[in-house]
Structure formats: structure tokens, C-alpha cells
Amino acid sequence: MSESRPLLLEVDHLCKWFPLKRTIGDVVQKKEKAYLKAVNDVSFQLYKGENLGLVGESGCGKSTLARTILRLYEPTSGTVKLNGQDISHMKGSQLRKLRPQMQMIFQDPYSSLNPRMSVYDTIAEMLKVHNMVPASEIPARVEELLTMSGLSMDIAQRFPGEFSGGQRQRIGIARALSLKPAFIVADEPVSALDVSIQAQIINLLSKLQQELDLTVLFISHDLRVVRHITHRVMVMYLGSNVEVGPTEEIFKHPAHPYTQVLTKAAPKLDPLNRQRDYAIEGEPPSPINTPSGCKFHPRCPYCTDKCRTEVPELKEIAPGHLCACHYPL
Amino acid sequence: MEKLLEVKDLHVAFPSKQETVHAVDGVSFEVFEGETFGLVGESGCGKSQTLRSILGLLKQPGRVTGGEILYKGADITKMNQRALQKVRGKEISLIFQEPMTSLNPVLRIRTQMYEAFEREKLTKEEKRQRAIELLKLVGIPSPETRLDEYPHQFSGGMRQRAMIAIALGAKPKLLLADEPTTALDVTIQDQIMKLLNQLKQELGMSIILVTHDLGVIAQMCDRVAVMYAGQIVEMTDTVTLFSKPRHPYTYGLMGSLPNEDTAGTTLEAIQGSPPNLANLPEGCPFAPRCKFACDICHKERPEITEVEPGHFARCHRPEITQNFQGLIQVPGQADGKEEASHE
């Protein structure tokens, strides 16, 4: 994606550590405080109108990163700048004013809608709370939003329980768009849906993104979907980003061994090609006691002594393609 | 190859006060020795209920309302609990989707493993040895210590491995796997698929694999049945299914998968959503979503027919489906027909 586009979001050395419970024994023995480093030193930029994919195994900190950026969590250190304005330590009414600019589409369309609120109320509430439009114009705006998401006003008085997963996800999308946000986080928006419905929602998301010039952070563990919909991809492993680059380049020429594993692990849709040529052993280590040096080294087939001791920096290996590895492929 | 399991015209219904849901509506298929048979479809298509009824494990109020399930010639649906107990585990075994919830959290792994070979009257030491062997087989490191741990001390992939080990405990001839990799990360899914393929080879088992993921089907199955609204709509070997699908639903599913070449394009999504099983349309259940549907499709239910030797499809319009181009090209097969239906 072009660097010429204006910068929308700038994340700089962002960390989110969760303190772990200390037992009385730990306090008596004066052990150091332990943290779960869910997000550790992540930096990246998001340009206006682009769709950045965020991929990684479960527990690697994808959702925590997104929630910290949206200020649903207080960052431990580092900064988040939206349109040049530092939002990482905003509080109260300032933060409230900021909310309409950043919205989220959730993974689970079953638990993210209030079962006792009609579709109309769900969307109208957003408009009322943030005073987006005068009260008289609310019905028109709700209708516009529902139409945009492929629904009709006929369903406005019905309740979430009456809808299928795909329709609920459309309601969730209409709600996220209601405040005309500049930036949307889509946290696994299609993972809970069936294949045929998934395609409908993917089409809807990419259409809306183009029409409204939305900036999206698209979190997914499904690499086929990420490859289809995003412009750039960021790969996370154990709380840090290990590679960022244009989507096609990441998939065709992954530079980090972990990215290579991820891109090859997805089962191929070809029964004639069943070679599992490159599988990875083991599972991600616990984020509480992370390995020394490069965090990926215990699972990496190319690991050397340097990897065990030195932490690799995120370096540019090609224009716009960054990788944190001592020996990029 | 010997026929191991034969399901004939199976019907499963979930009656309730208001309505009866026909979750499985006339499903027939065969599983041969040493093969992996896949059942693929979307949620609510009846694939899991078909699988569960094989072991008589339908959840209340579901019950088999018609048809036969013949395992080595004996009808499972007619068996009493005592006879079923002899089939379960020893002959046919099951692994579930969620390794998080299907292990008992308050029992040690060893206790849960020993249950599988309870009936063999082994000594304590023999049991332990057997359990260690099984854990080794499924690739759990340091099984001697792992055996004494509880499920919460295992990660997701390890729990799935432990569950596979339990399922293999009594050396079953047939393993039923209900979405065995769905809850796992791709890297772990890759490992589990590899493990299942390898175990099948080593132990000569047959596997029935239920999944919604065509990728898993492509990587693991010899033959596949595609299910929609409680019926099998297409059944053939995996390569043929991926190269020449003969049902608009299968074709639609393949079109709605994003792949390397679709970036920036609009996916050919199937419109609408699956029908309500309690209230199916009069004609073909897929007709309301099918872009090739014509008058007869809305009026009459299609029968399953053999469109080519070994290739079954349930569609009124074979003249249209024969032009479908699948996701792969089989080398060596002359490609006489044009890619007519690919817009």
C-alpha cells in the first residue's frame, strides 16, 4: 500500500503487561513482580484507507493489541497517535469524544448484541449517546445504515435472537459504522460464520471499505481470508510483531521463518498435493516465561547461537517490508 | 476392500412440542476398511447428528426414526445398551471437537485413559505401560510425567492428542472424528492432521471425518459426502469432487472460498442462508439459494442419482452441472469441455 497516503494511526513501542497475582510467599521472599507481556514493544503505522491484516496463533496478543489501541485497555508504556494526536493517556470526557472515531466489529455475533434490544434500538442508541444526528433524523439514518449492510428496515423492530449468524454480523457492522468512524477494528469478523455466509460478509466488508474509504485493522487467524481482503499484513508472535509488509509479498516471499510456517500450515485445497512439506513442531511457549533472545528460537529450524541470546530488531529488508529475524529468508 | 460400515436411509428427528426437526433425512453411505470418509457441510446440515447416531449418542430428544446402520453386518440402531457397549470404544471410537470440554477436568489423564481398557483386566503396571505407549504414539513428550497431570495442565493441541490417545485405547477399527481440528490453531491443526493420517496407516483404521473445512477434506479424505439440509447432495472420491463437482451447492462452496487469485475481487458467495429444517421448502432444499434453479427445482425433490460411475449427485439439472469446473485440474485428463460456467 502506498506510503503517499496520509498517516492515520501511529503506534510506537506499545506495551501492555498484565501483572500476575503474587502469593504471600512471593512477597515474603521479595520476588520480582511478574507480568504477562501480552503486547510487548509493538510499533507500526496505519495509512488512511488501508486494510491491515493482523495474524498469529491464539494467545499471541492480537486482540489485546487491538483493544489497547482502541483504549479499552490502558497501555503500560508506549504511545498511540490517531491523526497525530496522542491518545494513549486520555481520560474521561476526552476519551468519550474520541470513541466515535474508532469502532469495533466483534467476532461472536451471538454475544456482542444485546438480546433485549431491537435492531433499531441497538443502532439508534449509538446515535443518541454520541449526539450524531438530531433526534428527528435518527430513523432515516438507521435505515441508511441497515441498507448499507444489506438488511432492510422491515427487520428493525425484531430482536437479535430471531436472526442467523450472518445477519447478526451485518447488524454488528451497521452498528460499528453508525458513528462514521475513521478507523475500524474487525476482530475475527467471519470466524464464527459458515463458509457460504463468510463469503457474503467478506464481500460486504470489502465493498464498504472501498465506498466509505475506511481504515481497517483486520484480525484473523484464517490466512486465506487475510490474503483476500487486506493490503498489508502484520504477523505477531508472543506479543511482538515479527514481520510487516504488503500482503502479496508476505505470502509469496515470507522473510521470517514463523511467517513461512503460518503461510504453509493452512491446508491446501488440493487433494493431489498432500505433502506436508514443512510442518512445525511444538506449540507457542507461555507468554509469562518467554524464551531468551528471539522468542521463536525454540521452534525455529534455522536457529543458531545468536538467536538464543540476542533479540532481533525489526528491520526493513525491502521497501515497506519489515522483519525481526537475524537471518531473514 | 471389505465394507466396514453401511448406513442405509438413516433418518434422525428431534421432536418438540411445536415442531419436529428432521436433522438427518435419508442418508446412505458406506465406509470401507482402511479409508477416510469425509462428511462436509455447514452447521445444522446434520453431519454431526449422522456421526453421533452411529454410536447411539444422539442428544435428547433426538432419535433415529428410520433406516439401518450396519457395522460388520449387525444393525447398531437395534442394539440394546449392553450390546452397544461392546461396540463403543472397542470397535468404534469417537473424538470430539472441543478438547477443552470433552476431558473430565477433575480426573488425571491416566484415570481417563485407563477407562478405555478397563474391560481387559490388566494389572496396574500393564495399564500404565499401555497408556505411556499410547501417549508416545500420539506424540506427547515425556509421557511418564504427563500421565499423572490434569487436563488443565495440557495445552489445546496436547489435549486433542490426549483425546486421540484415549480414543485409540481399545484399538478401534473405526474412528469417528467430529471436527477434530476446528478449535485449534493452523499450526497445531497441521500437526493433528498429520498425526491422524499417520495413525490410520500404522493401525489400519478407517476414519469418518466430519468437518466444515474443505481444506481438511482435501488433505485427509479418500471419499467425501457433501451434506445440505439433512441430506447427502453429492458423494464421490475427493479428487473428483475437487476437480469436477456435480452439485450447485458444492460448486458454490468452492466459489466462496478465498484463495491466492481472488484478492481484490468479489467472491462468488452463495446468496441467502440455510433453510429451517423444521420447515423445508417443497422442492429441492437448496433451490431458494441456487442460481441454476428452474421450475422443477421449486416443485419436486430431486433424487440422488449416479451421474458418473461412483459419483452421486442430488440435482435436477445434470446438463448444467456437468460443465462445472472445480478448484483443481487433474493432470492427464483431457479437458474437452470449456470453462463454460465460470463467469
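Conventions and cut-offs
- Residues numbered from 1 in each chain as written.
- Chains lettered and ligands numbered in written order.
- Predicted model: local features only at pLDDT ≥ 70, side-chain atom pairs only at ≥ 80, totals over all residues.
- Heavy atoms only, no water.
- Helix = DSSP H or I, 4+ residues; strand = E, 2+ residues; numbered from the N terminus.
- Rg over C-alpha atoms; globule rule 2.2 N^0.38 Å.
- Contact = heavy atoms within 4.5 Å.
- Lys, Arg positive; Asp, Glu negative; His and termini not counted.
- Charge placed at Lys NZ, Arg CZ, Asp CG, Glu CD.
- Pairing = 2+ DSSP bridges.
- Axes fitted to C-alpha atoms, helices over the stretch in contact; angles between N-to-C directions.
- Buried < 20%, exposed > 50% of the residue type's maximum accessible area, 1.4 Å probe, protein only.
- Patch = residues over 30% accessible without salt bridge, like charges linked within 9 Å, V, L, I, M, F, W, Y side chains within 5 Å.
- Areas by Shrake-Rupley, 256 points an atom, 1.4 Å probe, with all protein chains shown as cover.
- Salt bridge = Lys/Arg side-chain N within 4 Å of Asp/Glu carboxyl O.
- Domains from an automatic or database assignment.
- Buried area = accessible area lost by both parts, 1.4 Å probe.

Caption draft 1: Geometry of the overall build of chain B. Assigned secondary structure in chain B consists of twelve helices and twelve strands. Its C-alpha atoms give chain B a radius of gyration of 21 Å, within 12% of the compact-globule value 20 Å for 343 residues. Considering only contacts within chain B whose residues lie at least 6 apart along the sequence, 64% involve residues at least 24 apart. In chain B, which carries 39 positive and 45 negative side-chain charges, the distance between the mean positions of the two groups comes to 9 Å.

Caption draft 2: Main features of the sheet that holds strand 2 (residues 35-47) of chain A. Residue and element names in this part refer to chain A. Taken in spatial order, the four strands of this open sheet run 2-1-4-5, and their pairing is antiparallel. Pairing within the sheet leaves two strands with one partner each, and these edge strands are strand 2 and strand 5 (85-86). Where strand 1 (residues 7-19) meets strand 4 (residues 77-82), five bridges bridge the pair, whose relative direction is antiparallel. Bridge assignment links glutamate 10 to a residue of strand 4, and that residue is lysine 81. The strands that helix 2 (residues 62-69) touches are strand 1, strand 2 and strand 4; relative to strand 1, the one it contacts most, it runs at about 115°.

Caption draft 3: Molecular detail of the pairing of strand 6 (residues 92-95) of chain B. All names here are of chain B. Side-chain alternation along strand 6 places Ile92 and Leu94 on one buried face and Ser93 and Ile95 on a second face that is also buried. Looking at chain direction, strand 6 and strand 7 (residues 174-178) are connected through four bridges and run parallel. From the neighbouring strand, isoleucine 95 faces strand 7, where its bridge partner is alanine 177.

Caption draft 4: Structural context of a negative patch on the surface. Together, Glu10(A), Asp12(A), Asp41(A) and Glu313(A) line one region of the surface with negative charge. Of note, Asp12(A) is situated in strand 1.

Caption draft 5: Molecular detail of the pairing of strand 6 (residues 102-105) of chain A. Residues and elements named next belong to chain A. Burial along strand 6 is two-sided: Met102 and Met104 and Gln103 and Ile105, pointing in opposite directions, are all buried. Alignment of strand 6 against strand 7 (residues 183-187), held across four bridges, turns out to be parallel. Bridging from a neighbouring strand, isoleucine 105 pairs with alanine 186 of strand 7.

Caption draft 6: The domain arrangement of chain B, seen in detail. All names here are of chain B. Structurally, chain B comprises domain 1 (3-226) and domain 2 (248-321). Computed over C-alpha atoms, the centres of domain 1 and domain 2 are 29 Å apart. Taken together, the contact between domain 1 and domain 2 spans eleven residues of the former and eleven residues of the latter. Surface buried jointly by domain 1 and domain 2 totals about 900 Å² across both partners, of which 62% is contributed by carbon and sulfur atoms.

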